[in-house]
Amino acid sequence: MINRIPSMQLAERVREGHLRAIARLITRVESGDNPEVREALAELYKSTGNAHVVGITGVPGAGKSTLVTQLVHEYRASGRKVGVVAIDPSSPYSGGAILGDRIRMGDLVSDPGVFIRSMATRGTLGGLARPALDAVDLLDAGGFDIVLIETVGVGQDEVDIVRAAHTTVVVNAPGLGDDIQAIKAGVLEIADVHVVSKADRPDSNRTIQELKGMLMMSLEQGEGIWRVPVVPTSSEKHTGFGELMAAIDRHAEHLKTSGEITERRHQIALTRVVKVAEQIVRDNFARDSRSQTEALLKQVTQRELDPHGAAVSLLKAMKETIHETH
Amino acid sequence: MQNNDKSAAVIRVMLAKIGLDGHDRGIKVVARALRDAGMDVVYTGLHRTPEEVVDAAIQEDVDILGISLLSGAHMHIFPKVLQLLKDKEAEDMIVTGGGVIPDDDVKELYQMGVHKILLQDTPPQEIIDSFRQLVAERGDR
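Residues numbered from 1 in each chain as written. Chains lettered and ligands numbered in written order. Predicted model: local features only at pLDDT ≥ 70, side-chain atom pairs only at ≥ 80, totals over all residues. Heavy atoms only, no water.

Draft legend 1. Broad picture of the sheet that holds strand S4 (residues 94-99) of chain B. Spatially, S3(A)-S2(B)-S1(B)-S3(B)-S4(B)-S5(B) is the arrangement adopted by the 6 strands of the open sheet, whose pairing is parallel. Two strands lie at the open edges of the sheet, namely strand S3 (97-99) of chain A together with strand S5 (116-119) of chain B, each paired on one side alone. With strand direction ignored, the average angle separating the axes of adjacent strands in the sheet is 25°. Bridge count for strand S3 (residues 64-69) of chain B against S4 of chain B is 6 bridges, and the pairing is parallel. (Pairing = 2+ DSSP bridges. Helix = DSSP H or I, 4+ residues; strand = E, 2+ residues; numbered from the N terminus. Axes fitted to C-alpha atoms, helices over the stretch in contact; angles between N-to-C directions.)

Written out as structure tokens, the structure is:
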């Protein structure tokens, strides 16, 4: 048995930027609900709000991890501390996960200004694990200027990231589909910055042109409106990453000058509160109301009660039993 | 939905290849087996330095650091890793080894503080069981 350091004590060290304390608190957040950990996070939340949070998404194989690695180098060269939360899918069968980003981010270690953490999705939809948002807070409170969230590349269903990041970068790769694909994909509209990776490839120009064409069809135009840039990058030739950082910085500046940042922050707060509320409801179903749930389910299967009515009745019952310790 | 049970924290494992050792089929099989047993597995890729691996393991805050060595450099690499963990106040990390290691060296590695050596003929289930046991013995952290 080992000595368990209280979470509040770890929280103090997080504020000093202690990497091991940040790492341990992320683990505790990930391992489930514990009032002692919650309390520490609530305390640390007061110290957040300084980091610029960048979401990076795109289809699998688009080159997100490689891009993140290069981007981190750019941020370090500009003197900023960068935290990375990299999310990979859990196996739907075992719940386990192989978190592979470390392979591609190998050359970023042994720099105290960089912190990389891999996380599994644990079955959450939309590519964003809820503890990932807590991890972002911990890095924010730990003094990281930039926090990059790299989401699992599920492709057309990743709007979650927009609701958690200040700037969303969508990574597109050449040759992954025609322009119909781009219209279909919700990812076209969620981008604040588009990247076309592997720009050394001859077919990348077509992808860049297609994207620009699609963006021109956007309805909102005019003065003071953010124009989504398309940034070509090539990790093969080491080009475009400085431009990408500059584009993200410009977007951050735009949010401030246009006042849109208030709206984004509101959106992020909403996402987070709703996500936690959902989780509390789920947990309560699982833990407290099992016998009651069973009785209701029986009524539903026997057509004595409809699903909506059963849900409402469960929620009403939950009001009395809800745990404050969440 | 799996793993929503609050009491069951997912075991986090880092599997590492250190130094000039290009054999990674075994470690990938182990990674897969551990994942199928419900663990989170971070694989470092080939040719890492002890410093890189220890730093990454601390940031990932893994329960177990598993190092696979088929190069014969184990008597050099394990002491280095253990020392680095100590220097960085991360001695509570469980260190295990796997691969091709002579019996005499195994004994010595245990004395140094390696928690478990699982040689190349260990069945996957045994690796899973011993990892679970090691984490259970360590207790909450």
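Further notes follow.
Draft legend 2. A look at the interface of chain B and chain A. Counting residues at the interface gives 39 residues for chain B and 38 residues for chain A. Applying the counting rule to chain B against chain A returns 5 salt bridges. Across the contact surface, chain B and chain A share 13 residue pairs in polar contact (both at pLDDT 80 or more). At the level of secondary structure, the elements contributing two or more residues to the side of chain B that touches chain A comprise helix H1 (25-36), strand S2 (40-43), helix H2 (50-60) and helix H5 (124-138) of chain B. In terms of residue count, the dominant contributor to the side of chain B that touches chain A is H2 of chain B (7 residues). Of the residues that constitute the side of chain B that touches chain A, the class distribution is 13 nonpolar, 7 polar and 19 charged. Sheet topology note: the S3 of chain A/S2 of chain B ladder contains 3 bridges and is parallel. Within the sheet, the bridge partner assigned to Ala-97 of chain A lies in S2 of chain B and is Asp-40 of chain B. (Contact = heavy atoms within 4.5 Å. Salt bridge = Lys/Arg side-chain N within 4 Å of Asp/Glu carboxyl O. Polar contact = N/O pair within 3.5 Å; in protein donor to acceptor, adjacent residues only side chain to side chain. Nonpolar A, V, L, I, M, F, W, Y, C, P; charged D, E, K, R; others polar.)

Draft legend 3. Region of the structure containing the nonpolar core. Within the largest apolar cluster, 30 residues are counted, with the highest numbers of intra-cluster contacts made by Met-14, Leu-65, Ile-67, Phe-78 and Val-81 of chain B. Elements with a contribution of two residues or more to this core: S3 of chain A together with strand S1 (12-17), H2, S3, helix H3 (74-87) and helix H4 (103-112) of chain B. Other than its neighbours up to four places away in sequence, Leu-65 of chain B contacts Met-14, Ala-16, Val-53, Ala-57, Val-81, Met-93, Ile-94, Val-95 and Thr-96 of chain B. (Core = buried A, V, L, I, M, F, W, Y, C linked by side-chain atoms within 4.5 Å. Buried < 20%, exposed > 50% of the residue type's maximum accessible area, 1.4 Å probe, protein only.)

The values reported here are purely geometric and, on their own, carry no functional implication.
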